[in-house]
Amino acid sequence: PEKMALTKVLLVVCLAVASISGFSITNQMQDALVSAIESRTRTWVAQAYVQREMFGVMSVGLRPNDSVANAVPLLTNQRSVRFLPESFDSRQKWSYCPSLNQIRDQGCCGSCYVVSTAAAITDRYCIHSGGQQQFTFGATDYLACCTDCFKCDGGYVGKTWQYWVDSGLTSEGTYKSGQGCNSYPFGSYCVNDPLPTCSRKCQAGYPLAYSQDLKYGASAYRVMWNENAIMTEIYQNGPVVVQFEVFD
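In this report, we go over the structure that sits alongside the text. Bear in mind the structure is a predicted one, so any value in this text is a computation, not a measurement.

## Looking at the layout of surface pockets
Part 1 of the argument: Of the volumes computed, that of the second largest pocket is approximately 290 Å³.
Part 2 of the argument: Along the walls of the second largest pocket sit 14 residues, with Ile103, Arg104, Asp105, Gly173 and Thr174 positioned nearest its centre.
Part 3 of the argument: When its residues are assigned to classes, the lining of the second largest pocket shows six nonpolar, five polar and three charged.

## Topic: the state of the cysteines
Part 1 of the argument: In this structure the tally under the stated criterion is five disulfides.
Part 2 of the argument: Disulfide pairing places Cys97 opposite Cys126 at an S-S distance of 2.0 Å. Between Cys97 and Cys126 the disulfide shows an S-S torsion of about -95°. By sign, it is left-handed. A residue pair is termed long-range when its members are at least 10 positions apart, and Cys97 in the loop between helix H3 (90–93) and helix H4 (112–127) and Cys126 in helix H4 qualify at 29 residues. For the pair Cys97 and Cys126, a shared accessibility class is recorded, and that class is buried.
Part 3 of the argument: Between the sulfur of Cys145 and that of Cys198 lies a disulfide, 2.1 Å long from S to S. An S-S torsion of about 105° defines the bridge between Cys145 and Cys198 as right-handed. In this pair, Cys145 sits in helix H5 (residues 140–145) while Cys198 sits in the loop between strand E4 (182–183) and helix H7 (210–213), placing the two residues 53 residues apart along the sequence.
Part 4 of the argument: According to the relative accessible area criterion, Cys198 is partly exposed, its value standing at 36%.
Part 5 of the argument: Of the cysteine sulfurs around Cys112, a residue in no disulfide, the closest is that of Cys109, at 9.2 Å.
Part 6 of the argument: Of the residues examined, Cys112 reaches a relative accessible area of 28% and is grouped as partly exposed.

## With respect to the packing of aromatic side chains
Part 1 of the argument: Under the definition given, this model contains nine aromatic pairs.
Part 2 of the argument: An angle of 65° between the planes, with centres 5.1 Å apart, marks the rings of Phe88 and Tyr235 as edge-to-face. Of the two residues, Phe88 is situated in the loop between helix H2 (66–69) and H3 and Tyr235 in helix H8 (residues 227–237); the sequence distance between them amounts to 147 residues.
Part 3 of the argument: Summarising the aromatic geometry, the rings of Tyr142 and Tyr163 are spaced 5.5 Å apart at their centres and angled 50° between planes, so their arrangement reads as tilted. Of the two residues, Tyr142 sits in helix H5 while Tyr163 sits in helix H6 (residues 157–167), which places them 21 residues apart along the sequence.

## Considering the packing of H4 against H6
Part 1 of the argument: Two elements in contact, H4 and H6, have axes separated by 9 Å at closest approach and are oriented at 45°. The pairing of H4 with H6 is recorded here as oblique in orientation. Considering only the axes of H4 and H6, their crossing is right-handed. Contact residues: Tyr113, Val114, Thr117, Ala120, Ile121 and Arg124 in H4; Val157, Thr160, Trp161 and Trp164 in H6.
Part 2 of the argument: Residues that form the contact of H4 with H6 fall into these classes: seven nonpolar, two polar and one charged.

## Side note on the nonpolar core
Part 1 of the argument: Grouped together as the largest cluster of nonpolar side chains are 30 residues, with contacts concentrated most on Ile121, Phe137, Tyr142, Trp161, Leu169, Tyr184 and Phe186.
Part 2 of the argument: Counting residues per element, the ones that place at least two in this core are H4, H5 and H6.
Part 3 of the argument: Looking at this core element by element, the count peaks at six residues for H4.
Part 4 of the argument: Leave out the neighbours within four places in its chain, and Phe137 touches Arg104, Ala118, Ile121, Thr122, Tyr125, Trp164, Leu169, Thr170, Glu172 and Lys215.

## Section: the side chain of Asn182
Part 1 of the argument: Structurally, Asn182 is set in strand E4.
Part 2 of the argument: If we ignore the near neighbours within four places in the chain, the residues touching Asn182 are Thr140, Ser171, Glu172, Gly173, Lys201, Cys202 and Gln203.

## Some details on the pattern of salt bridges
Part 1 of the argument: Overall, the coordinates contain three salt bridges when judged by the stated rule.
Part 2 of the argument: Arg124 is the partner of Glu233 in a salt bridge, and the nearest nitrogen-oxygen pair spans 2.9 Å. Highlighted residues: Glu233 in helix H8 and Arg124 in helix H4, separated in sequence by 109 residues. Of the two residues, Glu233 and Arg124, both sit in the buried class.
Part 3 of the argument: A salt bridge links Asp148 to Lys159; its shortest N-O distance comes to 3.7 Å. With Asp148 in the loop between H5 and H6 and Lys159 in helix H6, this pair connects stretches of sequence that are 11 residues apart.

What counts, and where the lines are drawn
- Residues numbered from 1 in each chain as written.
- Predicted model: local features only at pLDDT ≥ 70, side-chain atom pairs only at ≥ 80, totals over all residues.
- Heavy atoms only, no water.
- 1 Å grid on protein atoms, 1.4 Å probe; cavity = no way out; pocket = protein on both sides within 12 Å on 5 of 7 lines; lining within 4 Å.
- Points joined across faces, edges and corners; volume = space filled by probe spheres on them.
- Nonpolar A, V, L, I, M, F, W, Y, C, P; charged D, E, K, R; others polar.
- Disulfide = S-S within 2.5 Å.
- Helix = DSSP H or I, 4+ residues; strand = E, 2+ residues; numbered from the N terminus.
- Buried < 20%, exposed > 50% of the residue type's maximum accessible area, 1.4 Å probe, protein only.
- Phe/Tyr/Trp six-rings, centres within 6.5 Å; stacked < 30°, edge-to-face > 60°.
- Axes fitted to C-alpha atoms, helices over the stretch in contact; angles between N-to-C directions.
- Parallel < 35°, antiparallel > 145°, perpendicular 65-115°, else oblique.
- Left-handed = near helix turned anticlockwise from the far one by under 90°.
- Contact = heavy atoms within 4.5 Å.
- Core = buried A, V, L, I, M, F, W, Y, C linked by side-chain atoms within 4.5 Å.
- Salt bridge = Lys/Arg side-chain N within 4 Å of Asp/Glu carboxyl O.

If you want it as structure tokens, here you go:
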């Protein structure tokens, strides 16, 4: 297994309590939303899914619990930036990292808390290697082996970053792609997609053993709950994962 040796701490997670209350979306509301999205984009097509209610129980991706949310220490010596730019795009500053242009699909699983963490780790791993290291960290290890991550029923972001430090993560390809140590296990509908088991093995045909593909984080931390601290962290070190409250 490879332990990341970097000159500065890589990981950040800014944690806030998330509260999602269920409400019913009418067909008229959904059609209006689709029309509004399509009028504003030319790069992809919005579509309404009739079966969306079938997996409603799996839609919650965050669990509000301060004692667990604070699983990673607070960064108290953040290097200040005197003048933050009015606008900033990580894709431009670190254009040598193609992962910054990718948007992952969590499918029907309530796994946004691990999918977003794996994506941010992938970006920051590339950024802090100056583009020399390209590795797509996956969410499969979280869903299969992390006992504190609660699978598709949402989970705690702080625990996911600490899991990378303690247990490591392997590579991942998209759903049914056959790429990476394992492919992401869920598509749009979960009818035939069971939760992965913690076999600690890579899929057939992958050239490396699980232990050879495994990479660990050096440490994890969070920053203060304010805009300037979050903006500074993004500007200096790359993407972060943020939880926020949602009210209906």
